[in-house]
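Tertiary structure, described
Each chain, letter by letter, is given below.
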Amino acid sequence: MTTQQLVAQPLRSVDRGLWIAVGRSYRSEARKLRRPSTVVAVGALAALSVLSTVLTFALADDGPPSAPGGSDALLPPLPALATPAGLILGFRLASTFTGLLLLLLCAAMLATEYSQGTIRMIFMRQPRRVSWLAGRMGVLLSLLAVALVGAFVISAATAVLMAQIRGVDTGQWWTGEALRRAGRDYLNVLLGTTCFAIAGTALSLLIRSTTAAVLVAFAWTGPLEHIIENAWPDAIKYLPGLVFANISRGGDSIAGYRGPLLLGSLYAVAVAVAALTSLARRDVTA
Amino acid sequence: MIAGVSYGAERRAEAVAGPTTRGGARRSLIGMNSSTQERPGRRQPAFPPGPGSARAADPAVDLAADRAASRATQAADRAADRPAEGADPTAIDVRGLSKRYGRRTVVRDLDLRIPVGAVAGFIGPNGAGKTTTLRMLLGLVRPTTGQGTVLGRPLAEPAGYLPRVGALIESPALYPRLSARRNLESLALLAGQYHPFWIDEVLDEVGLRDRADEEVRSYSLGMKQRLAIAAALLGDPDLLVLDEPTNGLDPMGIRLMRELIRDLAVRDGQPRTVVVSSHLLAEVEQICDWIIVVDRGELAYQGPPEGLLAADAARVTLRPEHVDDVGMLADLAAGLGLTVERAGDLVTAVLPAVTGPGAAETLGRPTRPPAPGGEDDDPQHLLRALLADLNRAAHAHGITLVEIAPNRVTLEERYTGLVARGTGRLMGDAA
């Protein structure tokens, strides 16, 4: 675009609608992502997938493929890796950790806007707070989608490499069914991690403290939910962190898939409504 | 009464830029680009660039025309967003503004009226409610009660006026891991005011263009403060709200900031209102032509500084050439309606409070029919006239004065007395 064209652009200084505000927020937040920490975060996501894939292949034993393509087993047996699900099994198994990582990141990032005081600069520039958040989440989810594609590809490449090392037959990996399954798994991971991202963002908006938000997110999805799950196995059907993780994994034999998907969506909508209400109504004193 | 008063625009213009700037060539924020420096009337940036400024490396392409076109587009847009001509000439007009947190009232029933084009000093002790008030005006804090307008738009709808407002509230809040340029770009994009020229302009304005691509975490506090002010200048706002803008600045930085604030108010010949919250009363006294004093959440005074300073009695010291004339001099002063004190060879005359309409009558001066806002009601003018009367009377009686020294109270003294008294509103409230 030439300078003249730039100049000719209508530069309205007053918003004309919520969608315009969302668009502005999207562009603004996207501009902020051009920094090393973004590369580090995306790299961490890819590294997690690679690590998961390497461990999946390296630690697989020779047991029977009891649940081909299933996700109940933490480390599936070697024959299961030769099924159509084997290509991105490592990627899928990493999704729980990806979700938790995203939960903590989102809880920290937005709360930091409050602790740094940058939130007031933002709201003085864009008083339509809900629109601003929509744009911000749009950028975050766009980045997540792209980062997950990258992690997906790297994980698949690693799986091919590891299959050669472990002597896994990859004949079923490139069938139509395998590719459809891969696409479905990608969408499940994206959906599950999106739920984690919404929960983390909501937590930070409600708590407004970086340390407290991260601690609560970590304590709840880390020790607390798993302690409850150990005492009550059906907790996997109801507790939000476990439900989101279940969506990412594409369901399991205990909770199935549709139940967690429905409940997870309800959880996500509920926390989003609470967060948006807080965002729109609470004073900014940071 | 503030309606119709042209607050200090001429005075500021003369003090800062000289008469040629009034209604003359636009005094752009740019001022730094080689191509634009050739324009007559362009101002230099308030903060000088450091060594190695990127100005010298600017491309040879003359972007001045583009910038002018860009500005014209922006001006047209802004004009469309402004209320119609002839509307209320107040930049801020709010009434009954209150904020309660639980049972604690932070701001109580505040009525604020700041004329368009004023440089308003917002002063008060810590905890007086200054920042909360500014936050309410900026849509960050929801008022418990109160209504009014900011730049002609309802206070309850900040989205209507905030695009025309630039603000710095408390400490500079910036992303430490982003460069200065990236910080500004993200803010400009957020408001729909992004243009690469404008980023460079505001960076030039605060003298940070040569370090614009460094991460903000490497900046000193003063540089961060300047960058935050650059952020406030984005979009060429009609109303600038600066909360403690000199925090973290060294003496030279404070002086330059003062010049910048003065200049902002007169730039382009278009009315721009600046609200400055500060604890540096000397600074406020030098740059502001409108003062708002709040104490414990309540309005203590608002109006021109002269009204605040003249509301208390001022003292004038008179010293005759011959000690023998002290008695006659005292009688002459008393005859003019002044309270007189004698001490040695000095006569101290205490002037009555003079401010606002009718002040001339207060001083017992024969006046022409007063024009609202005219010099007959100007306390400074009245005081000068009274001093001339004293001098004339002494001369007429053969007394030669070797000293006639008005000991006016300073803003700091007046403010200290006002806040210490805690009595709330002044009699001389000009609003």
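Residues numbered from 1 in each chain as written. Chains lettered and ligands numbered in written order. Predicted model: local features only at pLDDT ≥ 70, side-chain atom pairs only at ≥ 80, totals over all residues.

1. Digging into the overall build of chain A
Using the following cut-off: Segments assigned H or I by DSSP are reported as helices when at least four residues long, segments assigned E as strands when at least two residues long, and all are numbered from the N terminus. Working definition of burial: number of other C-beta atoms within 10 Å of the residue's own, with buried at 20 or more, exposed at 12 or fewer, and partly exposed in between, all C-beta atoms being placed from the backbone. Contact criterion: two residues are in contact if their C-beta atoms, reconstructed from the backbone, are within 7 Å.
Helix and strand counts for chain A come out as 12 helices and zero strands. Going from the N terminus to the C terminus, chain A shows its helices and strands as α-α-α-α-α-α-α-α-α-α-α-α. Seen through its principal axes, chain A has C-alpha atoms that stretch 65 × 55 × 30 Å. In chain A, which comprises 286 residues, the share counted as buried stands at 46%. A separation threshold of at least 6 residues defines the contact pool for chain A, and within that pool the share at least 24 residues apart is 75%.

2. Some details on the packing of helix α8 (residues 129–166) of chain A against helix α9 (residues 176–207) of chain A
Residues and elements named next belong to chain A. As a reminder of what qualifies: Structural elements are reduced to axes, namely lines fitted to C-alpha atoms, with helices fitted over the stretch in contact, and the angle between N-to-C directions of any two is expressed from 0 to 180 degrees. Take the far helix as the reference: if the near one is turned anticlockwise from it by less than a right angle, the crossing is left-handed, and if turned clockwise, right-handed. Residue polarity follows a fixed list, in which Ala, Val, Leu, Ile, Met, Phe, Trp, Tyr, Cys and Pro are nonpolar, Asp, Glu, Lys and Arg are charged, and the others, Gly among them, are polar.
Remark: α8 packs on α9, axes separated minimally by 10 Å, with the N-to-C direction vectors making an angle of 140°. For the element pair α8 and α9, the recorded crossing hand is right-handed. Facing α8, whose interface residues are M137, L140, L141, L144, A145, L148 and F152, α9 presents Y186, V189, L190, T193, T194, A197 and T201. Of the residues in the contact of α8 with α9, the class split is 11 nonpolar, three polar and no charged.

3. Some thoughts on unusual backbone geometry
Phi at A:R208 is positive, roughly 65°, even though this residue is not glycine. Secondary-structure assignment places A:R208 in the loop between α9 and α10 (210–231). Overall, the presence of 20 C-beta atoms within 10 Å leaves A:R208 in the buried class. The phi torsion at B:R296 lies on the positive side, around 50°, for a residue other than glycine. Relative to the helices and strands, B:R296 is located in the loop between β9 (290–295) and β10 (298–303).

4. Description of the sheet that holds strand β13 (residues 346–350) of chain B
All names here are of chain B. For clarity, the threshold we go by: Paired strands, in this sense, are two strands between which DSSP finds at least two bridges.
Ordered by their spatial adjacency, four strands build an open sheet running β12-β13-β11-β14, and the pairing between neighbours is antiparallel. Of all the strands in the sheet, just β12 (339–343) and β14 (401–407) have a single pairing partner and so form its edges. When strand polarity is set aside, the average angle formed by the axes of neighbouring strands in this sheet is 20°. Bridge count between strand β11 (residues 315–320) and β13: four bridges; the pairing is antiparallel. By the bridge assignment, R315 is partnered in β13 with V350.

5. What about the sheet that holds β9(B)?
Residues and elements named next belong to chain B. Taken in spatial order, the six strands make up an open sheet running β6-β7-β8-β3-β9-β10, and their pairing is mixed. Two strands close off the open sheet at either side, each with one partner strand: β6 (165–168) and β10. Geometrically, the sheet is characterised by an average inter-axis angle of 15° between neighbouring strands, direction not taken into account. Relative to strand β7 (residues 239–243), β6 is paired through four bridges, and the arrangement is parallel. Looking across to β7, one finds that L168 is bridged to L242.

6. Comments concerning the confidence of the model for chain A
All names here are of chain A. As a reminder, the rule being used: The pLDDT value tells you how sure the predictor is about a given residue, anywhere from 0 up to 100.
Averaged over all residues, the pLDDT of chain A equals 87, while 90% of them reach at least 70. Ranking the elements of chain A by mean pLDDT puts helix α1 (residues 3–8) last, at 41, and helix α12 (residues 258–281) first, at 95. Below pLDDT 50 for its whole length, residues 1–15 participates in 32 contacts with residues either more than four positions away or in separate chains. Throughout residues 67–71 the model reports pLDDT below 50, and contacts reaching past four residues in sequence, or to other chains, amount to 14 contacts.

7. Thoughts on the packing of α9(A) against α10(A)
Residue and element names in this part refer to chain A. As a reminder, the rule being used: Orientation labels follow simple angle bins: below 35 degrees gives roughly parallel, above 145 gives roughly antiparallel, 65 to 115 gives roughly perpendicular, and whatever is left gives oblique.
Their axes nearest at 9 Å, the elements α9 and α10 cross at an angle of 135°. Classified by the interaxial angle, the pair formed by α9 and α10 is oblique. Handedness of the α9/α10 crossing: right-handed. Residues G200, L203, S204 and I207 of α9 form the contact with α10, whose participating residues are A212, A213, V216 and A217. The residue makeup of the contact of α9 with α10, split by class, is six nonpolar, two polar and no charged.

8. Thoughts on the pairing of β9(B)
On any regular strand, side chains alternate: one points to one face of the sheet, the next to the other face. Residues and elements named next belong to chain B. When you tally the buried positions in β9, you get six out of six residues, the bulk of the element. What you see with β9 is no split at all: W290, I292 and V294 on one side and I291, V293 and D295 on the other are buried throughout. Pairing between strand β3 (residues 119–123) and β9: four bridges, direction parallel. The residue bridging A120 from the neighbouring strand is W290, located in β9. When β9 meets β10, the two strands line up antiparallel, connected through five bridges. Paired with V293 across the strands is Y301, a residue of β10. Hairpin remark: β9 followed by β10, antiparallel, with two residues in the connecting loop; positive phi at R296, about 50°.

9. Some points on the environment of B:G117
With respect to the helices and strands, B:G117 occurs in the loop between β2 (104–115) and β3. Between the alpha carbons of B:G117 and B:V274 there is a distance of 7.4 Å; along the sequence they are 157 residues apart.

10. Concerning helix α7 (residues 118–125) of chain A
Of all the eight residues making up α7(A), eight are buried; the element is thus mostly covered by neighbouring parts of the structure. Restricting attention to buried positions, one finds in α7(A) the residues A:T118, A:I119, A:R120, A:M121, A:I122, A:F123, A:M124 and A:R125. Of the surrounding elements, those touching the buried residues of α7(A) are α6 (95–116) and α8 of chain A together with β6, α5 (180–190) and α7 (221–233) of chain B.

11. Points about the confidence of the model for chain B
Fine structural detail should not be taken from predicted coordinates in areas where pLDDT scores are low. Residue and element names in this part refer to chain B. Across chain B, pLDDT averages 75, with 68% of residues at or above 70. In this model residues 355–375 is a low-confidence stretch, pLDDT under 50, and it forms 38 contacts with partners more than four residues away in sequence or in other chains. Scored below 50 in pLDDT, residues 423–431 makes 27 contacts in the model with residues more than four places away or belonging to other chains.

12. Examining the environment of B:V216
Residue and element names in this part refer to chain B. Counting through the fold element by element, V216 comes out in the loop between α6 (196–205) and α7. Taking C-alpha positions, V216 is 57 Å from A388, a pair spaced 172 residues apart along the chain. If near-sequence neighbours (up to four positions away) are discounted, V216 is found in contact with L174, Y175, P176, L178, S179, A180, N183, K224 and L227.

13. A few points about helix α2 (residues 18–32) of chain A
This is how the line gets drawn: Multiplying 1.5 Å by the helix residue count minus one yields the expected span of that helix.
Taking 1.5 Å as the rise per residue, α2(A) with 15 residues should run 21 Å; its terminal C-alpha atoms sit 21 Å apart, in good agreement. Taken residue by residue, α2(A) has A:A21, A:V22, A:R24, A:S25, A:Y26, A:S28, A:E29, A:R31 and A:K32 as its buried positions. Those residues of α2(A) that are buried lie in contact with α8 of chain A together with α5 of chain B.

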